[in-house]
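Remarks on the overall topology
Given next are the chains, with one letter for each unit.
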Amino acid sequence: MNGKRFTAFLLVVVITFGIIGATTPWLLKNVRLGLDLRGGFEILYVAEPLEAGQAVTPDVLKRTAESVAQRANASGVAEPDVTTEGKNRIRVRLAGVANQEELRKILQEPAQLTFRSGPPDFKTIEMRGSDFVEHGATVGFEQGTNRPMVQIKVKDPAKFQAITKRLTNQPLAIYLNDELLSAPNVSGEISGGTAVITGNYTLAEANKIRDTINLGALPLKLTEKYTQSVGASLGQQSLKETGIASAIASVLILLFMLIWYRVPGIVASIALISFTWLLLAVSVLMHATLTLPGIAAFVLSVGIAVDSNIIMAERIKDEMRSGKSILSSLKSGSKHSFRTIIDAHVTTALAGIVLYIIGTGSIKGFALTLLLSIVLNILTNVFFSRWLLHMIVRSNLAQKPGYYGVKESEIHAL
Amino acid sequence: MRYNFKFDIVRHRRKFFAVSIAITLIGIVMLAIFNLNYGVDFRAGTNFDITVGQATDQAKAADIFKNAGYDPSTLTVGGTNNDRVTARFDKVLGQADETKVQAAFKAVYGDKVSMEVNTVDTEIARDLAVKAIYAVLASTIGIVIYVSIRFEWRFAIAAIISLLHDAFIVVSLFSIFRLEVDLPFIAAILTIIGYSINDTIVIFDRVRENLRFAKLKTFDDLAELVNRSIWQTMTRSINTVITVLIAALCLFIFGSPAIRLFSLAMIFGLVSGTYSSVFIASPIWLLLKNRTLGSKAAKPAVEK
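Residues numbered from 1 in each chain as written. Chains lettered and ligands numbered in written order. Predicted model: local features only at pLDDT ≥ 70, side-chain atom pairs only at ≥ 80, totals over all residues. Heavy atoms only, no water.

1. Some words on the overall build of chain A
Stated formally: Secondary structure counts use DSSP, requiring at least four H or I residues in a row for a helix and at least two E residues in a row for a strand, with both numbered from the N terminus. Each residue's exposure class comes from its accessible area (1.4 Å probe, protein chains only) as a fraction of the maximum for that residue type: buried when under 20%, exposed when over 50%, partly exposed otherwise. Two residues qualify as a contact provided that any one of their heavy atoms is within 4.5 Å of a heavy atom in the partner residue. Residue burial considers only the protein chains on display, and all accessible areas are found by Shrake-Rupley using a 1.4 Å probe.
Within chain A, the secondary structure is distributed over 10 helices and 13 strands. The buried share of chain A, taken over its 414 residues, is 49%. A fraction of 72% describes how many contacts in chain A between residues 6 or more apart in sequence connect residues 24 or more apart. Of the roughly 19300 Å² that chain A leaves accessible, carbon and sulfur atoms contribute 60%.

2. Some details on the overall build of chain B
Of regular secondary structure, chain B possesses nine helices and six strands. Across the 304 residues of chain B, 53% fall into the buried class. Counting only contacts in chain B whose residues sit at least 6 apart along the sequence, the fraction spanning at least 24 positions is 79%.

3. Quick word on the sheet that holds strand 7 (residues 138-141) of chain A
Two orientations exist for strands paired in a sheet by backbone hydrogen bonds: parallel and antiparallel. Residue and element names in this part refer to chain A. Here is the rule: A pair of strands is treated as paired once DSSP finds two or more bridges between them. Lines fitted to C-alpha atoms define the axes here, with helix axes fitted over just the stretch in contact, and angles between the N-to-C directions of these axes take values from 0 to 180 degrees.
The strand order 7-8-11 describes an open sheet built from three strands, whose pairing is antiparallel. Sheet topology places strand 7 and strand 11 (194-197) at the edges, where each strand pairs with a single neighbour. Going from strand to strand, the sheet's axes swing by 35 degrees on average, the running direction of each strand aside.

4. Some details on the domain arrangement of chain B
Put simply, the test is: Domain borders in the structure are assigned automatically or taken from a domain database.
What the domain assignment lists for chain B is domain 1 (13-39 + 124-290) and domain 2 (45-120). Between the C-alpha centres of domain 1 of chain B and domain 2 of chain B there is a distance of 46 Å.

5. Here we look at the packing of aromatic side chains
Pairs of aromatic rings are described using the distance from one ring centre to the other and the angle between the two planes. All names here are of chain B. The line we're drawing: Ring geometry is summarised as follows: Phe, Tyr and Trp rings, the Trp one being its six-membered ring, pair when their centres sit within 6.5 Å, and such pairs are stacked at plane angles under 30 degrees, edge-to-face over 60 and tilted between the two. Placement of a positive charge over a ring is assigned whenever Lys NZ or Arg CZ falls within 6 Å of the ring centre and within 35 degrees of the normal to the ring plane.
In this structure the tally under the stated criterion is 17 aromatic pairs over all chains. Considering the side-chain rings of Tyr70 and Phe89, the 6.0 Å spacing of their centres and the 80 degrees angle between planes classify their relative orientation as edge-to-face. Of the two residues, Tyr70 sits in the loop between helix 2 (58-67) and strand 3 (74-78) while Phe89 sits in strand 4 (residues 84-89), which places them 19 residues apart along the sequence. The class for Tyr70 is buried, based on a relative accessible area of 10%. Arranged with centres 6.1 Å apart and planes meeting at 85 degrees, the rings of Phe174 and Phe268 form a pair that is edge-to-face. Placement of the pair is Phe174 in helix 5 (residues 153-176) and Phe268 in helix 9 (residues 260-290), with a sequence separation of 94 residues. No difference in accessibility class separates Phe174 from Phe268, as the two residues are buried. A network of ring pairs unites the aromatic residues Phe65, Tyr70, Phe89, Phe105 and Tyr109 as a single cluster. Here the guanidinium or amino end of Arg208 rests over the ring plane of Phe151, the centre of that ring lying 4.0 Å away.

6. Brief notes about the interface of chain A and chain B
What counts, and what does not: By convention, the term buried area covers the 1.4 Å-probe accessible surface removed from two parts as they join, with the contributions of both added. Salt bridges, as used here, are contacts in which a Lys or Arg side-chain nitrogen is within 4 Å of a carboxyl oxygen on Asp or Glu. Distance and chemistry together define a polar contact, namely a pair of N or O atoms within 3.5 Å, with one atom able to donate a hydrogen and the other to accept it when in protein, and with adjacent residues in sequence counting only for side-chain atoms on both sides.
Contact residues are listed per partner, giving 53 residues for chain A and 59 residues for chain B. Across the chain A to chain B interface the summed buried area is about 5300 Å²; carbon plus sulfur atoms make up 65%. Between the two partners, chain A and chain B, sit six salt bridges. For Asp343(A), the salt bridge is made with Arg208(B), and the minimal N-O distance between the two is 2.7 Å. In this assembly, chain A and chain B are joined by 10 residue pairs in polar contact (both at pLDDT 80 or more). Sorting the residues of the side of chain A that touches chain B by element identifies helix 4 (100-108), strand 12 (220-230), helix 7 (232-285), helix 8 (292-321), helix 9 (326-358) and helix 10 (361-394) of chain A as the ones contributing at least two each.

7. Digging into a positive patch on the surface
To keep it simple, the criterion reads: Exposure above 30% relative accessible area and the lack of any salt bridge qualify a residue for a patch; like charges then connect within 9 Å, and the nonpolar side chains Val, Leu, Ile, Met, Phe, Trp and Tyr within 5 Å. Only four residue types enter the tally: Lys and Arg on the positive side, Asp and Glu on the negative side; His and the chain ends are excluded. Charge positions are represented by NZ for Lys, CZ for Arg, CG for Asp and CD for Glu.
Taken together, the side chains of Lys4(A), Arg5(A), Lys331(A) and Arg394(A) define a basic patch exposed on the protein surface. Note on placement: Lys4(A) falls in helix 1 (residues 3-30).

8. Topic: unusual backbone geometry
Positive phi is not limited to glycine here, since Asn169(A) has a value of about 70 degrees. A positive phi angle, close to 60 degrees, is found at Asn35(B), a residue other than glycine. For Asn35(B), the position within the fold is in the loop between helix 1 (13-34) and strand 1 (37-38). The class for Asn35(B) is partly exposed, based on a relative accessible area of 37%.

9. Brief notes about the environment of Asp90(B)
Residues and elements named next belong to chain B. With respect to the secondary-structure elements, Asp90 resides in the loop between strand 4 and helix 3 (95-109). Residue classification places Asp90 among the partly exposed positions, given a relative accessible area of 48%. Spatially, the C-alpha atom of Asp90 lies 9.9 Å from that of Asp71, the residues being 19 residues apart in sequence. Apart from residues lying up to four places away in sequence, Asp90 is in contact with Ala44, Gly45 and Ser73.

10. Let's talk about the packing of helix 5 of chain B against helix 9 of chain B
All names here are of chain B. Inclusion rule: Take the far helix as the reference: if the near one is turned anticlockwise from it by less than a right angle, the crossing is left-handed, and if turned clockwise, right-handed. Side-chain classes are defined by residue name, with Ala, Val, Leu, Ile, Met, Phe, Trp, Tyr, Cys and Pro counting as nonpolar, Asp, Glu, Lys and Arg as charged, and the others, Gly among them, as polar.
Contact pair helix 5 / helix 9: the axes reach a minimum separation of 7 Å and the direction vectors enclose 145 degrees. Like other packed secondary-structure pairs, helix 5 and helix 9 cross with a definite hand, here right-handed. Counted by class, the contact of helix 5 with helix 9 contains 16 nonpolar, six polar and three charged residues.

11. Details of the side chain of Ser196(B)
One can find Ser196(B) in helix 6 (residues 183-211). Accessibility expressed as a relative area gives 0% for Ser196(B), which makes it buried.

12. Focus on the pairing of strand 3 (residues 81-85) of chain A
Across a regular strand the side chains alternate sides, sitting on one face of the sheet and then on the other. All names here are of chain A. Two strands pair when backbone bridges link them, and strand 3 and strand 4 (residues 89-94) are joined in this way by five bridges, in the antiparallel orientation. Its bridge partner lying in strand 4, Thr84 is registered against Ile90. The hairpin formed by strand 3 and strand 4 contains three residues between the paired strands, and Gly86 there has a positive phi angle of roughly 60 degrees.

13. Overview of the pattern of salt bridges
Residue and element names in this part refer to chain A. Summed over all chains, the structure comprises 22 salt bridges over all chains. Between Lys62 and Glu66 there is a salt bridge, with its nearest N and O atoms 3.8 Å apart. One end of the pair is Lys62 and the other is Glu66, both in helix 3 (residues 58-74) and four residues apart, which spans about a single turn. Take Glu66: its relative accessible area is 40%, and that puts it in the partly exposed class. Connected through shared salt-bridge partners, Arg32, Glu42, Asp81, Glu85, Arg91 and Arg93 make up one network.

14. So, the UniProt feature "transmembrane region" (unreviewed entry) in chain B
All names here are of chain B. Applicable threshold: UniProt positions are given in the numbering used here, feature names are shortened, and annotations may be inferred rather than shown by experiment.
The sites that UniProt annotates as "transmembrane region" (unreviewed entry) are residues 16-38, 128-149, 156-177, 183-204, 238-259 and 265-288. Between the end C-alpha atoms of residues 156-177 the distance is 32 Å, and the span holds 95% helix and 0% strand. Each end of residues 238-259 is marked by a C-alpha atom, and these two atoms are 25 Å apart; helix forms 77% of the span and strand 0%.

Given below as structure tokens:
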């Protein structure tokens, strides 16, 4: 027995499990759970221009999605998840909402930006969202003081000129829906069609006002196409049940590998645990959302990972049966099995890449998980497990063919 | 384990072809007559969830709908005090209909009536299904090209037939047993396709390897080679499907009801995937390859 090599093997295993054990609680806490696992509701909107003839550009769609997220935020929803899909869809996922009906109403309403007069209540509406040029608001700096200010373009300069003339030295309040954003004083009659909002704004505040005005002027109408809601307790129950199912499956798979493949089984188990941890870690770092089908895909990718170990272990057994020594069986076995695994993986990955390019929504997510698990699988269940197996074999600790699941009687003379 | 008793798989290929063709035909007939049992994602319609503020029963609620001129396809009464009426319409109702239904219920139960209306547009789900079909067809082209380069085109054809076979078997089984098809079902089909191609390629890789040193003169030589390759990879084929089946079965038995049908589709697909890799894909390759042998005298050995 070569004690040095075996110590190296033990050290690698201890360090690997140490890292896994130390980081897993943090990872599990930071997994983003989908609505089906924590409760909440999901709406898919189709966006249409408010006025006929206008087009829904990707830019406008993205800004509308940002506006929807802002509104959800404003109504107190934590971490609203708003994404655009395809040419004209917006998907909204919200967790922990008390009053769904009301929120849905708020989200769907086009933001109404108004300029109002008549302090202190500002009851008179002077200008509406449709009076402003879309995306016409910009942030500039006042000459001299260099303070940030917001410039707005109006569609009809004459109308604005008349209003500012009438309201000189009076406040003109800017409202988003019923919320007062600011009430700057009109400094004088404005003729060029550009309004300037000044105040003691920081750059961040000025940017926020600009965004609000630009978003408020968006001409997109949102129609609900699909809604789904899951109660919070139901989601937690699903998570618990699926978690238990995954744990049982993992234990059974590891037992199967240990009993059937002995030494390569031990190595496969270590590699499989590392693979699962790595897949979890990368998913968390990529901010991927874990959903029920996601957990299923997760467990399934473990199946593909087991396959790599099985192909290699079977191949090594074949080589041993042909009479080769354990070390040379390991060498030629991993060489031959590597080609098999690569061809199988590239073919599967090819399907994954095409699915990713063509698919949308959950198809894309599925394809991404598939591609990710293929790459990580080659790292852990091919290279890492081969390395571990090498260390064990070179330590001369496991010399009997029985340790590799091969009966002496099966071995042919060379 | 070595398999000492080696069943001649390729000689019995016609039986396996017959089984697959039979299931496929039953599937086509079932699909033509009954179609799939589409879940909520694929059925357009409007759902009403009405809280009426007092105990009621199904007959009463049905009457209200009937008097207002509506006939819901399903109608249930539930809630803690039997005060919740749930109605589903297979067609999409507009705002005017919603107001009418609300007015009808208010006329009976007073102002305490509150409604939640959900409208599902099938456009989204159908769009995804169509996209999935396109994606699968496009990826089969990719697979054909890659396998043709790395192996040869005959392997590609055989692999694709077995892949489509597996996807169709699962769709057929869902139609035959009237199981509900929803969005996760599409994910399951995609997973099965990924598994099927992976499973087939490993056997083909062994065939390719054995071909390198083989001297093939007759159909029987070729058949022997295919049989040998299948049996050399048999332990792997079985052990891999066992481990993945363990995972799918655990999800089916212990998992949440939401993924039960997904797991069931996976179980069907895994069994079919392994079956088709061994019993369908390899014999198909054999038949395609046999034409290149040249010696016309070598007639395929027909099972007795």
